[in-house]
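Okay, here's what each chain looks like letter by letter:
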Amino acid sequence: MMAKDSPKGIPAEEQVAGVEPYDGPAGGWGALKAVALAVRDQMGSSKDTRALLKMNQPTGFDCPGCAWPDPKKTSSFEFCENGAKAVTWEATTKRLDTDFFAQHSATSLWQWSDYQLEDAGRLTHPLAYDRDSDHFVPISWDEAFNRIGAGLRALDDPNQAEFYCSGRASNEAAFLYQLMVRAYGTNNFPDCSNMCHEGTSMGLPKSIGIGKGTVTLEDFDEADAIFCIGHNPGTNHPRMLSTLSNAARRGVPIVVANPMKERGLERFKSPQHPTEMLSPNSTQLASAYHQVRVGGDSAMLKGIMKALFEADAADLARGGAGLLDRPFIAEHTLGIDELRESIEALDWDTIVARAGLSKAAIESMAETYSKAERVIVCYGMGITQHANGTANVQELANLLLLRGNMGKPGAGICPLRGHSNVQGDRTVGITELPSEPVLARLDAYFGITSPRAHGHAAVEALQAMREGKSKACISLGGNLAVAMPDPDACFEAFRKLELSVNILTKFNRTCLLLAKETIVLPCLGRTELDEQAEGPQWITVEDSMSMVHASRGFLKPATVDLRSEPAIVAGMAKAALPDIDIPWDWLVADYDRIRDAIEAVFPDFRDFNVRVRQKGGFRLTVGASKRVWNTPSGKAHFIAHPLTGAVNEGGSLILTTIRSHDQYNTTIYGMNDRYRGITGRRDVIFAHVDDLAELGIAHGDMVDIEGAPGRSLTGYTVVAHEIARGSLAAYYPEANCLVPLDDHDRTSGTPSYKSVRVKMTRSRLTANAA
Ligand SMILES: Nc1nc2c(c(=O)[nH]1)N[C@H]1C(S)=C(S)[C@@H](COP(=O)(O)OP(=O)(O)OC[C@H]3O[C@@H](n4cnc5c(=O)[nH]c(N)nc54)[C@H](O)[C@@H]3O)O[C@H]1N2
Ligand SMILES: Nc1nc2c(c(=O)[nH]1)N[C@H]1C(S)=C(S)[C@@H](COP(=O)(O)OP(=O)(O)OC[C@H]3O[C@@H](n4cnc5c(=O)[nH]c(N)nc54)[C@H](O)[C@@H]3O)O[C@H]1N2
Ligand SMILES: [Mo]
């Protein structure tokens, strides 16, 4: 059948199924429509749609979508399409009841896609895999806990168990979890931060004495330049677009560095803004958009600093005061000379080639930077998920320190965290590298002896499981096997286990990697009312800006049989540790008691139960925000790095893996990626039109992508896109098969999800498809 010309005038012969450029702004009516559809599909006419109105309100629940903070001043509903999707998919009326598992065998469910599994609905009962029938069968909570306890007690050594934590868990659940795990005897805490902002957690303490961002939301009102590097807020932190558009309206330059043109960084029509919604207008966001090559950030940042040093020298030569903040550097920092020497040693040709940006473009970034008195640098996975992720983060700190853009209003560093409480989980003890003072206080409060040896982060955990050294894996949330790189290695690792336990709201593919004993425990989500022995409870979370606040679910739980995460941890702990005298039930009966314990172990939570009851909560101490540098020297450090980052060699392209607009990590809500013009499919590769021409490949052709030996993606459709030369992009988790488990940042352990060296050729499947 002949395709008709599209409404955008693309001739029929050039049309590619499911690919059509998107001309609109981010947000706008498209966002409202997407929410309406999600509500209809997931919640029908349920009255629980009122949940959407209580998201991020002082008396409501914290949005499970992302860790962007809430504007304290607004009492009105802050609309966010992807937050709304996260809520509707949790508050769905669909259920995975016992009939579902009676109907579908584990083997048949393995054929389901992530989208189909997620769409099937909420878990309702504790389940265990029954090998004889190949079905998951319902079991009682007591039975589940007994089996888990027996499995953990059967191991020769507590270090044979891995305890994963995803960033959805509340402070209370995570704290109780680390208590159980340390009382059991290990520091094996692979956590989703290991795949995400570990470069921040490991890199920033060396630079500025804390592994967290230094800015607050109010700082954005005072900034006079904002840099957005390697993050896609239109999809992943949509509430940030309100902040960015307020800044843009004030005339603040917003400088973007991203290999892909992302609509959410270009234009925004705010659903909060009735006049904007009703007019053809939208707010222009980026004032300058630099399509840095994938993996080219190290070169770009060094280039900006080189241009700054050169302009500084020129200014001094003219008799000016220079462009560096010399009093700040003298009083607060160490290492400037080494940094300067390392940057002066680099030549511009190398910088330009490696960054994929012209010298003029890099100089213009330096000029915007040096003209502003107060600069915020925001960044995400485009910076951290590389073999040089930690170095990248430290280069951002170098750049900010050169002009004293740390610890003053309107300036600082802003890592965009992923999961809504990933930062909090770390704060309350989910780490494989605990500090001695923390362990000493934990031991004193609970009368236990925590292990001192360092444990496993995510890559190490999977390697230990694969080698048979670790035999049990318990996951508090998440979809570890699917989120990790290298499914061949990671799936095999899970299938070797003696015991695999997943505590989840929804069933996912990690549950289907069948261990000797495989148990799935259904838990309450953020939106739901949590009733414990002494009444309804609420939890706390910490956002990207170190604000700790309360979150109160109020919807009727999906079924009566669900338990809260703290209650599940307590149930496992009692079964696994019968001889340890911790009053688990008493702690869970009233979460204030867990918060008191958090305060005892982490003194920064002083008066926790009082302060968190104040509207908006409180901010944890961030020394660097006040120019207090908690480094061994008491100063902030410039850290000189060699030029790093993936290089296109021998005709290779560098592939980055990204999120579509219709997914939450491994949770696929739908097959569209509206702002990138993709509808109904995910099997696409984005490429630059000139790279395609060089390879003799046309837009819409079917291609194969070859990575390291034995790693390939076949039969993908290539889409000409506004992406940097030499760079490709594909969706995660499908493209994880191209990322070797061993290819990670040696400092942070973060997999190189965003710089995979590949070759692209016309597909060998083409003949069959035609
Ligand atoms: N709706 C929704 N919200 C989410 C999530 C979700 O999946 N869906 N996930 C949550 C989580 S856990 C996280 S960590 C965050 C992730 O939020 P982001 O950090 O925004 O995550 P990504 O989509 O992986 O990629 C970000 C951007 O990096 C760019 N990029 C890729 N490679 C490079 C590079 O080499 N250099 C530079 N400068 N840029 C590059 C991509 O083009 C993309 O625009 O979002 C959180 N919020
Ligand atoms: N190639 C590639 N791989 C990546 C990335 C990438 O950019 N590229 N990003 C990485 C990043 S940044 C991250 S953070 C990881 C994500 O890794 P994970 O956090 O492990 O994965 P999610 O997909 O967020 O987890 C989804 C599951 O969480 C469960 N869940 C949802 N809500 C709750 C809750 O309230 N409680 C509990 N207990 N469970 C709940 C649901 O059952 C769902 O199946 O993926 C990483 N993997
Ligand atoms: Mo993340």
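- In the annotation of an unreviewed UniProt entry, the protein is listed under the name CbbBc protein and assigned to Novosphingobium guangzhouense.
- Under the UniProt heading Sequence similarities (unreviewed entry), the entry covering the protein gives this text: "Belongs to the prokaryotic molybdopterin-containing oxidoreductase family."

### Topic: the overall build of the protein
And step 1. Helix and strand counts for the protein come out as 31 helices and 31 strands.
And step 2. Against the compact-globule benchmark of 27 Å for 770 residues, the protein has a radius of gyration of 25 Å, which places it among compact chains.
And step 3. Counting only C-alpha atoms, the protein reaches 75 × 70 × 55 Å along its principal axes.
And step 4. Scored against the burial criterion, the 770 residues of the protein give a buried share of 64%.
And step 5. Considering only contacts within the protein whose residues lie at least 6 apart along the sequence, 78% involve residues at least 24 apart.
And step 6. Of the roughly 27,400 Å² of accessible surface on the protein, a fraction of 52% belongs to carbon and sulfur atoms.
And step 7. Side chains of the protein give 79 positive and 95 negative charges; the mean places of these two sets differ by 3 Å.

### Describing the site of ligand 1
And step 1. If you check the shell around ligand 1, you find 33 residues, and the closest are E262, D297, R659, Q663 and N665.
And step 2. Measuring from an oxygen atom of ligand 1, one finds a side-chain N or O atom of N258 at 2.7 Å.
And step 3. Protein burial of ligand 1: of its 920 Å² of free accessible surface, 99% is covered by the chains.
And step 4. For the shell around ligand 1, the per-class residue count stands at 11 nonpolar, 18 polar and 4 charged.

### Examining the site of ligand 2
And step 1. In the vicinity of ligand 2, 31 residues are found, and the nearest of them are Y164, S166, R168, T666 and N736.
And step 2. One of the backbone nitrogen or oxygen atoms of K506 is found 2.7 Å away from an oxygen atom of ligand 2.
And step 3. In the model, an oxygen atom of ligand 2 is placed 3.0 Å from a nitrogen or oxygen of the K754 side chain.
And step 4. Protein chains bury 97% of the 930 Å² of accessible surface belonging to ligand 2 in isolation.
And step 5. Residue assignment for the shell around ligand 2 shows that the elements contributing at least two residues are α24 (480–483) and β16 (499–504).

### Digging into the side chain of H386
And step 1. Inspection of the secondary structure puts H386 in the loop between α19 (381–384) and α20 (389–402).
And step 2. Side chain to side chain, H386 and S755 meet in a polar contact 3.0 Å long.
And step 3. In this view, H386 contacts G295, D297, M381, N392, D745, T750, P751, S752, K754 and S755; residues no more than four positions away in its chain are not counted.

### Section: the pairing of strand β15 (residues 472–476)
And step 1. Most of β15 sits out of view: 5 of its 5 residues are buried.
And step 2. Judged by which residues are buried, β15 turns out to be covered on both faces: A472, I474 and L476 on one side and C473 and S475 on the other are all buried.
And step 3. Where β15 meets β16, 5 bridges bridge the pair, whose relative direction is parallel. Across the sheet, the residue bridging to L476 is I503, located in β16.

### Structural notes on unusual backbone geometry
And step 1. Note the cis peptide between Y732 and P733, where omega equals 5 degrees.
And step 2. You will see that D134, though not glycine, has its phi angle at about 60 degrees, which is positive.
And step 3. Looking at where D134 falls in the secondary structure, it is placed in the loop between β4 (127–130) and β5 (135–138).
And step 4. With a phi angle near 55 degrees, N665 is a residue other than glycine that sits in the positive phi range.
And step 5. Mapping N665 onto the fold places it in the loop between β25 (663–664) and β26 (667–668).

### Side note on helix α28 (residues 591–601)
And step 1. For α28, the buried fraction is high: 8 of the 11 residues fall into the buried class.
And step 2. Among the residues of α28, those classed as buried are Y591, D592, R593, I594, R595, A597, I598 and V601.

### Some points on the domain arrangement of the protein
And step 1. You can read the domains of the protein as domain 1 (12–90), domain 2 (103–191 + 421–605), domain 3 (198–415) and domain 4 (653–769).
And step 2. When each unit is reduced to the centre of its C-alpha atoms, the spacing between domain 1 and domain 4 is 26 Å.
And step 3. Each partner contributes to the interface: domain 1 provides 20 residues, whereas domain 4 provides 15 residues.
And step 4. Taken together, both faces of the contact between domain 1 and domain 4 bury some 1,400 Å²; the carbon and sulfur share is 55%.
And step 5. Taken together, the connections running from domain 1 to domain 4 amount to 2 salt bridges.
And step 6. For E81, the salt bridge is made with R674, and the minimal N-O distance between the two is 2.8 Å.
And step 7. The tally of links between domain 1 and domain 4 comes to 8 residue pairs in polar contact (both at pLDDT 80 or more).
And step 8. Sorting the residues of the side of domain 1 that touches domain 4 by element identifies β1 (26–27), α1 (28–43) and α2 (81–90) as the ones contributing at least two each.

### Notes on the UniProt feature "domain: Molybdopterin oxidoreductase" (unreviewed entry) in the protein
And step 1. Under the UniProt annotation, "domain: Molybdopterin oxidoreductase" (unreviewed entry) lies at residues 122–504.
And step 2. For residues 122–504, the end-to-end C-alpha separation is 9 Å, with 48% helix and 14% strand making up the annotated structure.

### Some details on the sheet that holds strand β17 (residues 517–522)
And step 1. If you trace the 6 strands from one edge of the open sheet to the other, you get β5-β4-β17-β16-β15-β6, paired in mixed fashion. Where the open sheet ends on each side, the last strands, each with one partner, are β5 and β6 (161–165). With direction set aside, neighbouring strand axes in the sheet form an average angle of 20 degrees.
And step 2. With 6 bridges connecting them, β16 and β17 associate as parallel partners. Looking across to β17, one finds that L504 is bridged to P522.

### Description of the pattern of salt bridges
And step 1. Under the definition given, this model contains 46 salt bridges.
And step 2. Taking the shortest distance from any N to any O, the salt bridge between K212 and E542 comes out at 2.8 Å. Pair noted here: K212 is in the loop between α8 (198–208) and α9 (217–222) and E542 is in strand β20 (residues 539–542), with a separation of 330 residues, a long-range link.
And step 3. Looking at E542, the relative accessible area reads 1%, which means it is buried.
And step 4. Taken together, the salt bridges that share partners define one network made up of E81, K85, D662 and R674.

### Side note on the sheet that holds strand β10 (residues 283–284)
And step 1. Spatially, the 3 strands line up as an open sheet ordered β1-β9-β10, and their pairing is mixed. The open sheet has two edge strands with one neighbour each: β1 and β10.

### Here's the deal with the packing of aromatic side chains
And step 1. One pass over the structure, following the stated rule, counts 24 aromatic pairs.
And step 2. Note on W89 and Y669: the rings are 5.2 Å apart at their centroids and 50 degrees apart in plane angle, and the pair reads as tilted. With a gap of 580 residues between them, W89 in helix α2 and Y669 in the loop between β26 and β27 (684–687) connect regions that are remote in the sequence.
And step 3. Consider the rings of W141 and F145, whose centres lie 5.6 Å apart with planes at 40 degrees: the pair is tilted. With a gap of 4 residues between them, W141 and F145 both fall in helix α6 (residues 141–153), about one helical turn apart. F145 matches W141 in its accessibility class, with the two residues each being buried.

### Topic: the nonpolar core
And step 1. One finds L152, F163, F175, Y177, M180 and L521 to be the most contacted residues of the largest nonpolar core, which totals 67 residues.
And step 2. Examining the composition of this core, we find that 10 residues originate from one element, helix α7 (residues 171–184), more than from any other.
And step 3. Residue contacts for L152: discarding those within four places in its chain leaves A161, F163, Y184, A472, I474, L499 and A576.
And step 4. Core analysis: the second largest hydrophobic core is formed by 53 residues, V292, I336, Y369 and A372 among them.

What counts and what doesn't
Residues numbered from 1 in each chain as written. Chains lettered and ligands numbered in written order. Predicted model: local features only at pLDDT ≥ 70, side-chain atom pairs only at ≥ 80, totals over all residues. Heavy atoms only, no water. UniProt positions renumbered as here; feature names shortened; annotations may be inferred. Helix = DSSP H or I, 4+ residues; strand = E, 2+ residues; numbered from the N terminus. Rg over C-alpha atoms; globule rule 2.2 N^0.38 Å. Buried < 20%, exposed > 50% of the residue type's maximum accessible area, 1.4 Å probe, protein only. Contact = heavy atoms within 4.5 Å. Areas by Shrake-Rupley, 256 points an atom, 1.4 Å probe, with all protein chains shown as cover. Lys, Arg positive; Asp, Glu negative; His and termini not counted. Charge placed at Lys NZ, Arg CZ, Asp CG, Glu CD. Near = heavy atom within 4 Å. Polar contact = N/O pair within 3.5 Å; in protein donor to acceptor, adjacent residues only side chain to side chain. Nonpolar A, V, L, I, M, F, W, Y, C, P; charged D, E, K, R; others polar. Pairing = 2+ DSSP bridges. Domains from an automatic or database assignment. Buried area = accessible area lost by both parts, 1.4 Å probe. Salt bridge = Lys/Arg side-chain N within 4 Å of Asp/Glu carboxyl O. Axes fitted to C-alpha atoms, helices over the stretch in contact; angles between N-to-C directions. Phe/Tyr/Trp six-rings, centres within 6.5 Å; stacked < 30°, edge-to-face > 60°. Core = buried A, V, L, I, M, F, W, Y, C linked by side-chain atoms within 4.5 Å.

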